[in-house]
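# Remarks on the overall topology
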Amino acid sequence: MRKFRLIPGVDKTLLIKDAAKLMPDPARRQFLRGAASLGALTLLTGCDIVDGPTAERVLRKISEFNDGVQAALFNPNTLAPTYPESAITPDFPFNAYYGEDEAPVVNGETYKLEIGGLVENKTPWTLEDLYKLPQERQITRHICVEGWSAIGSWTGARLSDFLKRIGADTSAKYVWFRCAEGYSNTIDMPTALHPQTQMTFKYGNEILPVKYGYPMKIRIPTKLGFKNPKHVVSLHVTNKDMGGYWEDQGYNWFSGS
Ligand SMILES: Nc1nc2c(c(=O)[nH]1)N[C@H]1C(S)=C(S)[C@@H](COP(=O)(O)O)O[C@H]1N2
Ligand SMILES: [Mo]
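Just so you know, these numbers come straight off a predicted model, no measurement behind them.

Thresholds applied
- Residues numbered from 1 in each chain as written.
- Chains lettered and ligands numbered in written order.
- Predicted model: local features only at pLDDT ≥ 70, side-chain atom pairs only at ≥ 80, totals over all residues.
- Heavy atoms only, no water.
- Salt bridge = Lys/Arg side-chain N within 4 Å of Asp/Glu carboxyl O.
- Buried < 20%, exposed > 50% of the residue type's maximum accessible area, 1.4 Å probe, protein only.
- Helix = DSSP H or I, 4+ residues; strand = E, 2+ residues; numbered from the N terminus.
- pLDDT = per-residue confidence, 0-100.
- Contact = heavy atoms within 4.5 Å.
- Near = heavy atom within 4 Å.
- Polar contact = N/O pair within 3.5 Å; in protein donor to acceptor, adjacent residues only side chain to side chain.
- Areas by Shrake-Rupley, 256 points an atom, 1.4 Å probe, with all protein chains shown as cover.
- Nonpolar A, V, L, I, M, F, W, Y, C, P; charged D, E, K, R; others polar.
- Pairing = 2+ DSSP bridges.
- Core = buried A, V, L, I, M, F, W, Y, C linked by side-chain atoms within 4.5 Å.

### Points about the pattern of salt bridges
- Enumeration according to the criterion identifies five salt bridges in this entry.
- Lys132 is the partner of Asp129 in a salt bridge, and the nearest nitrogen-oxygen pair spans 3.4 Å.
- Given the relative accessible area of 33%, Asp129 is considered partly exposed.
- Salt-bridge contacts for Asp188 lead to Lys223; the nearest nitrogen and oxygen are separated by 4.0 Å. Separated by 35 residues along the polypeptide, Asp188 in strand 6 (residues 184-188) and Lys223 in the loop between strand 9 (217-219) and strand 10 (232-238) bring together distant segments of the chain.
- The class of Lys223 is buried, set by a relative accessible area of 2%.

In structure tokens:
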């Protein structure tokens, strides 16, 4: 994923509204309404920092999908659409800020998920213990701002269940994740508690392959791809926006709600 240019002095509100004109209705109306209800112009990833063509490309890409996908990206209270097995994209794409052969190899035997922040029980979790959490499977669409999307199958525990188990203060504003290779990501608490937000341990029927985020990734079908951290080693509940890898380079952490 490449860095996008920040153009100083560009009126971002106008830029986004302009780009939204390319969207067909009802996507356009939904988008503009969503922006107003959030009181923020930075509704979608990157759009608040990027140049016009990029904003247009992202919005055009999203508008290609059915209303359900759009609604889920624009409204945190909506469920993302799920798909049948037959819709799964063969050879689900790999993406990261490095090449596939550079994906971090985490040792599952010694792995411990570090817990921090506004949480009662900060005992780190082994993979063995994490696997014992009740798990469910979702077949959902992953949308990357770089212009591709794919449907995949992910199995794991609801993040909301886990947050309850560790006694997280769910009135806090954010959950922050740190990844093995240095990637990081902050999500808002409503998204963390969303029923489809998952601590993922399997892709398809297999233990999550290294390229897709072994040993654990956070799957968030109501957020764009870059808000789905892979190789998560640490989770913090916090009232401070801790930013993230792309967010620190100008992306809006909200990215799709
Ligand atoms: N740790 C980590 N997580 C990450 C990234 C990354 O570079 N490192 N890239 C993000 C982006 S931009 C995308 S589109 C998805 C890609 O996930 P996939 O390889 O399973 O398709 O991972 C996201 N999570
Ligand atoms: Mo992405």
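From this point, things continue past the structure.
### Quick notes on the confidence of the model for the chain
- Taken over all residues, the pLDDT of the chain has a mean of 81, while the share at 70 or more is 67%.
- Here residues 1-7 is modelled with pLDDT under 50, and outside its nearest four sequence neighbours on either side it reaches 24 contacts, counting other chains as well.
- The low-confidence segment residues 35-50 (pLDDT under 50) makes 54 contacts with residues lying over four places distant or belonging to another chain.

### Remarks on the site of ligand 1
- Around ligand 1 lies a shell of 22 residues, among which Pro93, Asn95, Glu181, Asn228 and Lys230 are the nearest.
- Measuring from an oxygen atom of ligand 1, one finds a backbone N or O atom of Pro93 at 2.7 Å.
- Within the side chain of Glu181, an N or O atom sits 2.7 Å from a nitrogen atom of ligand 1.
- Within the complex, the protein chains bury 100% of what would otherwise be the 540 Å² of accessible surface of ligand 1.
- Of the residues in the shell around ligand 1, the class split is 14 nonpolar, five polar and three charged.

### Some points on the environment of Ile218
- In this structure, Ile218 sits in strand 9.
- Judged by relative accessible area, Ile218 falls into the buried class, the value being 0%.

### Structural notes on unusual backbone geometry
- Cis rather than trans, the peptide bond between Tyr214 and Pro215 has omega equal to 0°.
- Looking at the secondary structure, you find Pro215 in the loop between strand 8 (206-207) and strand 9.
- Of note, Asp91 is a non-glycine position whose phi angle comes to about 50°, a positive value.
- In this fold, Asp91 is placed in the loop between helix 4 (67-74) and strand 1 (112-117).
- Its identity as a non-glycine residue notwithstanding, His231 has a phi of 50°, on the positive side.
- Along the chain, His231 turns up in the loop between strand 9 and strand 10.

### Regarding the pairing of strand 4 (residues 148-158)
- Here strand 4 lies mainly inside the structure; nine of its eleven residues are buried.
- Of the pairings in the sheet, the one linking strand 3 (residues 136-144) to strand 4 comprises nine bridges and is antiparallel in character. Residue Glu136 lies in a different strand from strand 4, and its bridge partner there is Gly156.

### Some details on the nonpolar core
- Ranked by internal contacts, the top residues of the largest apolar core, which has 34 residues, are Leu113, Leu130, Leu159, Phe162, Leu163 and Met199.
- Elements supplying a minimum of two residues to this core: strand 1, helix 5 (127-131), helix 6 (159-165), strand 5 (174-179), helix 7 (189-192), strand 7 (198-203) and strand 10.
- Beyond its immediate stretch of four places on either side in the chain, Phe162 contacts Leu113, Ile115, Trp125, Leu130, Leu133, Met199 and Leu235.
- Of all hydrophobic cores here, the second largest spans eight residues; its members include Cys144, Trp148, Trp154 and Tyr203.

### Concerning the pairing of strand 10
- Across the seven residues of strand 10, six count as buried, placing the element largely inside the fold.
- Relative to strand 10, strand 1 is paired through four bridges, and the arrangement is parallel. Pairing of Gly117 across the sheet is with Val237, part of strand 10.
- Summarising the sheet, strand 5 and strand 10 pair through six bridges and their orientation is antiparallel. Its bridge partner being in strand 10, Trp176 is matched across the sheet by His236.

### Some words on the side chain of His142
- Mapped onto the elements of the fold, His142 is located in strand 3.
- On the accessibility criterion, His142 (8% relative accessible area) is buried.
- In contact with His142, not counting residues within four places along its chain, are Phe92, Trp148, Ser149, Ala150, Trp154, Arg219 and Gly225.

### Brief notes about the sheet that holds strand 5
- Across the sheet, five strands lie side by side as 2-1-10-5-6; this open sheet has mixed pairing. Every interior strand has two partners, whereas the edge strands, strand 2 (125-126) and strand 6, have only one.

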